[in-house]
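So you can see what is in the structure, the chains are spelled out below.
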Amino acid sequence: MFSKINSIYLLGMEGKNVTVEADVSDGLPGLILVGYLASEVREGGDRVRTAIKNLGLSLPPKKITVNLSPADFRKEGTGFDLAIAAAILSSYGGFQAKDLEDAVFFGELGLDGTVRGIPGVMALTAQARESGFRRVFLPAENVKEASFIGGISLYGVRDLKHLVDMLSGKQPMRPEPPVNMKELQDTMNRYDVDFAELSGQPLLRRAAEVAAAGKHNLLVVGPAGAGKTMLARRMPTIMPGMDVAESIEISKIYSVSGLLTEKEPLVKIRPFRAPHHTVSVQALTGGGRRPKPGEISLATGGIQSGTRDTPAAARRPGGDSLESGGHGDISGQLSACGCDEPMSLRSFSGPCEVPVHGGTDHAVSTEDIGTTAGQDRSLCGGIPGYLRGHQRRRRK
């Protein structure tokens with residue numbers, strides 16, 4: 001018997017619809033998985049068979065062929081387990097797959113049949129809604145995260161037996177209640193810090209206010225302990241408050257990165273990211289074999305605090321300036337994806353030691369960065385030299 005179940009594969013921030021086809025026929029008993037699959041997807045066949053056995057659901061020995069279509073791109077991750085199990089059980093007559101044409105399945109299976117959460121559920125649910133699906137069957141621990149999307153019915157699945165009981169009619173299917181957006185808006189934009197905690201430095205405060213109001217980038221130079229990171233951490237508090245729609249868009253990025261939890265399923269304040277100064281370009285821009293967001297993407301809608309090398313890395317992916325709201329193409333070994341990353345870049349550096357006429361050293365600080373101060377600028381390898389090099393590149 002042949003059956004089809006819908007699922008979705010997440011590539012970066014973009015979802016691709018996948019059809020899980022299962023056929024049960026006479027022949028040498030076994031389970032064959034095809035469709036350009038990674039090893040973790042192929043291993044899902046053993047997880048599915050063991051989960052079905054441990055739940056007491058006996059299946060006659062048959063030849064089972066499962067195809068994940070289309071087969072022209074590589075499928076990775078463990079999110080297809082639930083769809084594969086549903087397709088196999090439907091092929092054995094456990095329920096009618098034709099009643100699930102408007103439904104999509106994703107989730108990982110444990111050997112005892114429990115359905116475990118997966119990353120990227122918020123983006124997967126949004127893709128399901130855009131593709132015209134009306135129902136989503138997903139892990140129960142991911143329901144709260146997906147409920148913020150709206151416009152689609154969600155059914156949390158605890159284990160494989162729970163799914164079979166719902167689809168066979170033994171247990172009523174009750175969708176999760178929708179989220180009250182008005183109450184949600186009242187719980188947002190509550191910060192633990194405040195810009196008013198900054199004392200003194202009126203010029204620096206004024207520069208930060210102008211940068212926040214106009215969404216400009218900001219370069220601050222000063223010694224350790226001058227308050228650079230303290231300023232950057234408090235800048236989101238003077239930026240416009242997030243609404244629910246913007247919060248959901250930012251939360252999709254964190255969902256793909258696996259940074260949302262059942263207790264904190266939504267990003268309710270503007271992000272502040274301060275990666276270590278030794279962070280690699282790959283960690284900043286994201287990418288990899290299966291593209292994932294980097295630090296620049298995680299700072300979407302908020303503040304990216306970095307060193308003077310961060311702006312160059314932020315421009316590399318696609319040529320557009322990501323820190324000013326451009327579009328980047330993040331490429332991996334086997335695939336590529338695009339992502340919009342509108343955020344403000346705050347770059348910080350300590351003073352550089354520049355030789356001055358007379359043999360002494362002079363530290364270039366915020367007060368005299370634009371002055372000569374008796375320095376031999378040709379010997380400067382710090383911030384002023386970097387700025388001159390940046391200006392030369394811009395003129396070219």
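By convention here, each chain's residues receive numbers from 1 onward along its written sequence. At least 70 in pLDDT is required for a residue's local features to be given in this predicted model, at least 80 for side-chain atom pairs to be given and counted, and no such filter applies to totals for whole chains, interfaces and linings, which use all residues. As a convention, hydrogens and water are excluded, and side-chain values are obtained from all of the structure's heavy atoms.

(A) Focus on the confidence of the model for the protein. Overall, the predicted model of the protein reaches an average pLDDT of 82, with 78% of residues at or above 70. Per-residue confidence from the predictor is reported as pLDDT, which spans 0 to 100. Secondary structure elements are defined from DSSP: runs of H or I of at least 4 residues count as helices, runs of E of at least 2 residues count as strands, and each element is numbered from the N terminus. No element of the protein has a lower mean pLDDT than strand 17 (residues 361–363), at 41, and none a higher one than strand 5 (residues 103–105), at 97. For the stretch residues 316–338, pLDDT sits under 50, and the model shows 63 contacts to residues farther than four places along the chain or on other chains. Throughout, a contact is declared for two residues whenever any of their heavy atoms are within 4.5 Å. Segment residues 353–377: pLDDT under 50, and 48 contacts once partners within four positions in sequence are set aside and those in other chains are kept.

(B) A look at the side chain of S3. Here S3 shows up in strand 1 (residues 2–11). The buried label goes to any residue with under 20% of its type's maximum accessible area, the exposed label to any with over 50%, and the partly exposed label to all in between, with areas taken from a 1.4 Å probe on protein chains only. Given the relative accessible area of 3%, S3 is considered buried. The term polar contact refers here to a pair of N or O atoms within 3.5 Å; inside protein, the definition further demands a hydrogen-donor-capable atom paired with an acceptor-capable atom, and it admits residues adjacent in sequence only when both atoms are side-chain atoms. Polar side-chain contacts of S3 include one of 2.7 Å to the side chain of S91. Among residues more than four places away in sequence, those in contact with S3 are V20, E21, A22, A87, S90, S91 and A97.

(C) Quick look at the sheet that holds strand 8 (residues 135–139). With parallel pairing, 3 strands are arranged side by side in an open sheet as 5-8-9. The strands lining the two open edges of the sheet, one partner per strand, are strand 5 and strand 9 (153–157). Going across the sheet, the axis of each strand differs from the next one's by a mean of 25°, ignoring polarity. With 5 bridges joining them, strand 8 and strand 9 adopt parallel strand pairing. Residue pairing in the sheet places V136 in a bridge with L154 of strand 9. At least two bridges found by DSSP between two strands are what make those strands a pair. Interaxial angles span 0 to 180 degrees and are taken between N-to-C directions of axes, which are lines fitted to C-alpha atoms, for helices over the stretch in contact.

(D) Representation of the sheet that holds strand 2 (residues 14–25). One open sheet accounts for 4 strands, arranged 1-2-4-3; its pairing is mixed. Each edge of the open sheet is held by one strand with a lone partner, namely strand 1 and strand 3 (30–34). Geometrically, the sheet is characterised by an average inter-axis angle of 20° between neighbouring strands, direction not taken into account. Here 10 bridges tie strand 1 to strand 2, and the two strands are oriented antiparallel to one another. Within the sheet, the bridge partner assigned to S7 lies in strand 2 and is V18. Contacting strand 3 and strand 4 (63–69), helix 1 (residues 39–54) runs over the sheet at an angle of about 150° to strand 3.

(E) Region of interest: the packing of helix 2 (residues 81–91) against helix 5 (residues 160–168). Closest axis-to-axis distance for the helix 2/helix 5 pair is 11 Å, and the angle between their directions is 50°. Between helix 2 and helix 5, the angle is such that the two are oblique. Crossing hand, helix 2 versus helix 5: right-handed. Contact residues: helix 2 offers L82, A85, A86 and L89, while helix 5 offers L160, L163 and V164. We call Asp, Glu, Lys and Arg charged. Ala, Val, Leu, Ile, Met, Phe, Trp, Tyr, Cys and Pro are nonpolar, and the rest, Gly among them, are polar. Looking at the contact of helix 2 with helix 5 residue by residue, the classes come out as 7 nonpolar, no polar and no charged. Orientation categories follow fixed angle ranges, with anything under 35 degrees roughly parallel, anything over 145 roughly antiparallel, 65 to 115 roughly perpendicular, and all other angles oblique. Crossings are assigned a handedness: left-handed for a near helix turned anticlockwise from the far helix by less than a right angle, right-handed for a clockwise turn.

(F) View of the nonpolar core. Residues enter a nonpolar core if they are buried and are Ala, Val, Leu, Ile, Met, Phe, Trp, Tyr or Cys, with the set joined through side-chain atoms within 4.5 Å. Formed by 42 residues in total, the largest nonpolar core has its most connected members in V66, L68, I84, F105, F137, L160 and L163. Tallying contributions element by element places helix 2 first for this core, with 8 residues. Excluding residues that lie within four positions of it along the chain, V66 makes contacts with V20, E21, A22, L31, I32, L33, V34, I84 and I88. In this structure, L124, F133, I152 and V256 belong to the second largest nonpolar core, which totals 17 residues.

(G) Region of the structure containing the pattern of salt bridges. Put simply, a salt bridge is a Lys or Arg side-chain nitrogen that is within 4 Å of an Asp or Glu carboxyl oxygen. Applying the stated criterion to the full structure yields 10 salt bridges. Here E197 and R234 are joined by a salt bridge, their closest N and O atoms 2.8 Å apart. Linking E197 in the loop between helix 6 (181–186) and helix 7 (202–214) with R234 in helix 8 (residues 228–234), this pair joins segments that are 37 residues apart in sequence. By relative accessible area, E197 is classed as partly exposed at 38%. One salt bridge in this structure joins E246 and R270, with 2.8 Å as the shortest N-O distance. In this pair, E246 is assigned in helix 9 (residues 244–256) and R270 in the loop between helix 9 and strand 11 (272–273), connecting sequence segments 24 residues apart.

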